[in-house]
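# A structural walkthrough
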Amino acid sequence: MGNGGVDTGDLAAAITTGDRRALARAITLIESTRPEHRAQALELLDDLLPHAGGATRVGISGSPGVGKSTFIEALGLHVVDADHRLGVLAVDPSSRRSGGSILGDKTRMVDLVRHEAAFIRPSPAGTTLGGVARRTREAMLLCEAAGFDVVFVETVGVGQSETAVADLVDLFVLLVAPGGGDDLQGIKRGIMELADLVVVNKADGDLADAAGRTAGDYRNALGLMRPRWDGTPPPVLTASALTRRGIDEIWTTITTMAAEAADAGEQDRRRADQATSWMWDEVRQSLLDRLTSDGHTASLVTEVEADVKAGRCTPSTGARRLLVAGGPDGGTTTVAP
Ligand code: GDP
């Protein structure tokens, strides 16, 4: 990346021609935490925003071992065979630069990784889920500007990351495995409520019957929950990522659901809500960053925290003191972007 000397205009132009190396460089730029890189990243994103938004954005989640990588390889190859250009991104707050767990192990995506119509990028390293998710959101916009018309965002099914991904995409797919009994695999109700489509994977061989029963269990459970925007419960399909059975039906279902949502104005509504909530997220995060990135306010944080703990001031007064100190006129010299 050099020493901050990126010509964002040139980079933006290269991205809109579909230049993958430019896209990869731009994603590295948005993942950088250096203030001068951040300023360039925002400039680049503003430049490219008119070119973004054109993809069908699909979130894919499920517990470890359910078959996400295998499924993304199968569905991804189906999508590129249908002449789409596919970007695959991930939100994995546990990943580290050296060994992200999601997409880091690409051995199950050998053909997709090699395909010239696919662009696969592991999760950015980050300390907070919010930070990782917002960089992924920006990477998604860059992929769209580069002409990728389908984007998958993968996340591992462990709590809050599903909510973050559902906030990024048009359609959220929950992948489950055939399970014994009716416990619905301990998947939390909140996560089921995010699903627009449930896929019971591994519906092959000895597991085929169990997959059918699991699908029935999910249909029953989802039928009792809050319906989707059009009043229907999320469809439940069975598939085998391994044998690729059911993959074409899943893609047809996804494209049909996406088209219906777009026609009804639901996609625009969802994206508008998402953009607003991302903006407020950014405001919250930037305010917090300001408080901790500056030595003066950081020590004030410690002091105010001690005062609140000891009952020397109320939490409200403490909060006010910090907000004043962290605000634009708070006497700090650095302003985090
Ligand atoms: P992830 O952890 O969710 O990404 O799951 P993986 O894609 O790594 O798959 C976990 C295991 O499940 C691997 O051994 C896969 O071969 C296996 N697997 C994935 N999909 C299927 C499937 O459709 N049928 C069967 N029988 N096994 C599968």
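Quick summary incoming for the structure in this document. Here the structure is a predicted model, which means the values were calculated and not measured.

## Let's talk about empty space enclosed by the protein
This structure, assessed with the given rule, holds three cavities of 30 Å³ or more. Taken as a whole, the largest cavity encloses approximately 70 Å³ of empty space. The wall of the largest cavity is formed by Asp-170, Leu-171, Asp-196, Arg-228, Trp-229, Met-257, Ala-261, Glu-266, Gln-267 and Arg-270. Contributing elements (two or more residues each) for the lining of the largest cavity: α10 (247–263) and α11 (266–293). Tallied by class, residues from the lining of the largest cavity come to four nonpolar, one polar and five charged. Taken as a whole, the second largest cavity spans an internal volume of roughly 40 Å³. Lining the second largest cavity we find Ile-27, Glu-31, Leu-89, Ala-90, Arg-121, Pro-122, Pro-124, Thr-136 and Ala-139. Contributing elements (two or more residues each) for the lining of the second largest cavity: α2 (20–31), β2 (86–91) and α6 (129–145).

## Some thoughts on the sheet that holds strand β7 (residues 236–238)
The parallel open sheet is built from seven strands, whose spatial order is β3-β2-β4-β1-β5-β6-β7. The outermost strands of the open sheet, each flanked by one partner alone, are β3 (118–120) and β7. Across the sheet, the mean angle from the axis of one strand to that of its neighbour is 20 degrees, orientation sign disregarded. As paired elements, strand β5 (residues 171–176) and strand β6 (residues 197–200) share four bridges and run parallel to each other. The partner of Leu-174 across the bridge, within β6, is Val-198. Running over the sheet, helix α4 (residues 68–81) touches β1 (56–62), β2, β3, β4 (150–156), β5 and β6 and is turned about 175 degrees from β4.

## Observations concerning the site of the ligand
Around the ligand, the structure places 15 residues, and the nearest of them are Gly-65, Lys-68, Thr-70, Arg-108 and Asp-204. With respect to the ligand, the side chain of Ser-240 contributes an N or O atom lying 3.3 Å from an oxygen atom. Out of a free accessible area of 580 Å², the ligand has 75% covered by protein chains. The class makeup of the residues in the shell around the ligand is four nonpolar, seven polar and four charged.

## A closer look at the packing of aromatic side chains
The full count for this structure, using the stated rule, is one aromatic pair. Where Phe-119 meets Phe-148, the ring centres are 5.9 Å apart and the plane angle is 50 degrees; that geometry is what we call tilted. With Phe-119 in strand β3 and Phe-148 in the loop between α6 and β4, this pair connects stretches of sequence that are 29 residues apart. This pair shows no difference in class: Phe-119 is buried, exactly as Phe-148 is. Taking NZ or CZ as reference, Arg-85 lies 4.2 Å from the ring centre of Phe-148, over its face.

## Here we look at helix α3 (residues 35–48)
Between its first and last C-alpha atoms α3 spans 20 Å; for 14 residues at 1.5 Å apiece the expected length is 20 Å, and the two agree. Along α3, the residues classified as buried are His-37, Arg-38, Gln-40, Ala-41, Leu-44, Leu-45 and Leu-48. Around the axis of α3, the buried residues are gathered within 165 degrees of arc, so they sit on the same side. Turned more than 90 degrees away from the buried face of α3 sit Pro-35 and Asp-46, all of them exposed. Next to the buried residues of α3 lie α1 (8–16), α2, α6 and α11.

## Things to note about the packing of α4 against α10
In the contact formed by α4 and α10, the axes pass within 10 Å of each other and the chain directions differ by 70 degrees. With respect to α10, the element α4 is oriented roughly perpendicular. For the pair α4 and α10, the sense of crossing is right-handed. Every residue of α10 that contacts α4 at Phe-71, Ala-74, Leu-75, His-78 and Val-79 is listed here: Ile-247, Asp-248, Ile-250, Trp-251 and Ile-254. Here the contact of α4 with α10 is composed, by residue class, of eight nonpolar, one polar and one charged.

## Focus: the nonpolar core
One broad trend across soluble globular proteins is that nonpolar side chains are buried collectively. Leu-11, Ile-15, Leu-23, Leu-44, Leu-142 and Val-153 are the most contacted members of the largest nonpolar core, which has 38 residues in total. Contributions of two or more residues to this core are made by α1, α2, α3, β2, α6, β4 and α7 (160–166). Broken down by element, this core gets its largest block of residues, eight residues, from α6. Setting aside its immediate chain neighbours within four residues, Leu-44 contacts Thr-8, Leu-11, Ala-12, Ile-15, Ala-26, Leu-29 and Leu-142. Counting residues in hydrophobic clusters, the runner-up holds 33 residues, among them Ile-72, Leu-112, Leu-175 and Ala-177.

## Section: the packing of α11 against helix α12 (residues 295–309)
In contact at an axis separation of 5 Å, α11 and α12 are set at 95 degrees when each is read in the N-to-C sense. What the angle tells us is that α11 and α12 run roughly perpendicular. Of α12, the residues touching α11 (which contributes Arg-290, Leu-291, Thr-292 and Ser-293) are Gly-295, Thr-297, Ala-298 and Val-301. Of the residues contributing to the contact of α11 with α12, the split by class is three nonpolar, four polar and one charged.

Thresholds, definitions, all that
- Residues numbered from 1 in each chain as written.
- Predicted model: local features only at pLDDT ≥ 70, side-chain atom pairs only at ≥ 80, totals over all residues.
- Heavy atoms only, no water.
- 1 Å grid on protein atoms, 1.4 Å probe; cavity = no way out; pocket = protein on both sides within 12 Å on 5 of 7 lines; lining within 4 Å.
- Points joined across faces, edges and corners; volume = space filled by probe spheres on them.
- Helix = DSSP H or I, 4+ residues; strand = E, 2+ residues; numbered from the N terminus.
- Nonpolar A, V, L, I, M, F, W, Y, C, P; charged D, E, K, R; others polar.
- Pairing = 2+ DSSP bridges.
- Axes fitted to C-alpha atoms, helices over the stretch in contact; angles between N-to-C directions.
- Contact = heavy atoms within 4.5 Å.
- Near = heavy atom within 4 Å.
- Polar contact = N/O pair within 3.5 Å; in protein donor to acceptor, adjacent residues only side chain to side chain.
- Areas by Shrake-Rupley, 256 points an atom, 1.4 Å probe, with all protein chains shown as cover.
- Phe/Tyr/Trp six-rings, centres within 6.5 Å; stacked < 30°, edge-to-face > 60°.
- Buried < 20%, exposed > 50% of the residue type's maximum accessible area, 1.4 Å probe, protein only.
- Lys NZ or Arg CZ within 6 Å of the ring centre and 35° of its normal.
- Expected span 1.5 Å × (residues − 1).
- Arc of directions from axis to C-beta.
- Parallel < 35°, antiparallel > 145°, perpendicular 65-115°, else oblique.
- Left-handed = near helix turned anticlockwise from the far one by under 90°.
- Core = buried A, V, L, I, M, F, W, Y, C linked by side-chain atoms within 4.5 Å.

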